[in-house]
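Read off the chains here:
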Amino acid sequence: RLGAAKPEVARKSEPHLLAAQAARWEEMERSVVAAVAKRAGLDASADLYPSLVVGAAVTAMRVSVMLWCDQGGRLSLPELAGRAFDLLAAGLPQP
């Protein structure tokens, strides 16, 4: 289990894992953009909204995972992600 095995060490010492992770995020993001566009009745190739919504959500998750890894898995990943989405929902108020 990655959480028990110092995730920041795995991420920093195995660059190929980081590249593979980035490729998976990109693949997932394209798929979700298409689904959001379809659900909203928009054209994913012409409308900004689907890509912006998905980009914000993906970034919230990526930043949460990076912070979780940097802290050695000591923080709760679901709690970090929840806080990230709460900030997005609130319009990213300045602290």
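Just so it is clear, the model here is predicted, and its values are computed rather than measured.

Let's shift gears to a nonpolar patch on the surface. The grouping of Phe85, Leu87, Leu88 and Leu92 at the surface amounts to a nonpolar patch, some 340 Å² of accessible area in total. Within the secondary structure, Leu92 sits in the segment after helix H4 (77-89).

To find leftover empty space, one rolls a probe the size of a water molecule over the atoms. A volume near 230 Å³ is recorded for the largest pocket. In terms of lining residues, the largest pocket is bounded by Ala56, Thr59, Ala60, Val63, Ser64, Leu67, Leu80, Arg83, Ala84, Leu87, Leu88 and Leu92. For the lining of the largest pocket, the secondary-structure elements that each account for two or more residues are helix H3 (48-70) and H4. The leading source of residues in the lining of the largest pocket is H3, at six residues. Considering only residue class, the lining of the largest pocket consists of nine nonpolar, two polar and one charged.

Looking now at the confidence of the model for the protein. For the protein, the average pLDDT comes to 87, and 86% of its residues sit at 70 or higher. Per-element mean pLDDT across the protein ranges from 58 in helix H1 (residues 7-13) up to 97 in H4.

Here H3 contains 23 residues, and its C-alpha end-to-end distance of 32 Å stays within 8% of the 33 Å for a straight helix at 1.5 Å per residue. Within the sequence span of H3, burial applies to Pro50, Val54, Gly55, Val58, Ala60, Ser64, Val65, Trp68 and Cys69. Note on H3: the residue one or two positions beyond its end, Gly72, has a positive phi of about 70 degrees.

Rules behind the numbers
- Residues numbered from 1 in each chain as written.
- Predicted model: local features only at pLDDT ≥ 70, side-chain atom pairs only at ≥ 80, totals over all residues.
- Heavy atoms only, no water.
- Patch = residues over 30% accessible without salt bridge, like charges linked within 9 Å, V, L, I, M, F, W, Y side chains within 5 Å.
- Areas by Shrake-Rupley, 256 points an atom, 1.4 Å probe, with all protein chains shown as cover.
- Salt bridge = Lys/Arg side-chain N within 4 Å of Asp/Glu carboxyl O.
- Helix = DSSP H or I, 4+ residues; strand = E, 2+ residues; numbered from the N terminus.
- 1 Å grid on protein atoms, 1.4 Å probe; cavity = no way out; pocket = protein on both sides within 12 Å on 5 of 7 lines; lining within 4 Å.
- Points joined across faces, edges and corners; volume = space filled by probe spheres on them.
- Nonpolar A, V, L, I, M, F, W, Y, C, P; charged D, E, K, R; others polar.
- pLDDT = per-residue confidence, 0-100.
- Expected span 1.5 Å × (residues − 1).
- Buried < 20%, exposed > 50% of the residue type's maximum accessible area, 1.4 Å probe, protein only.

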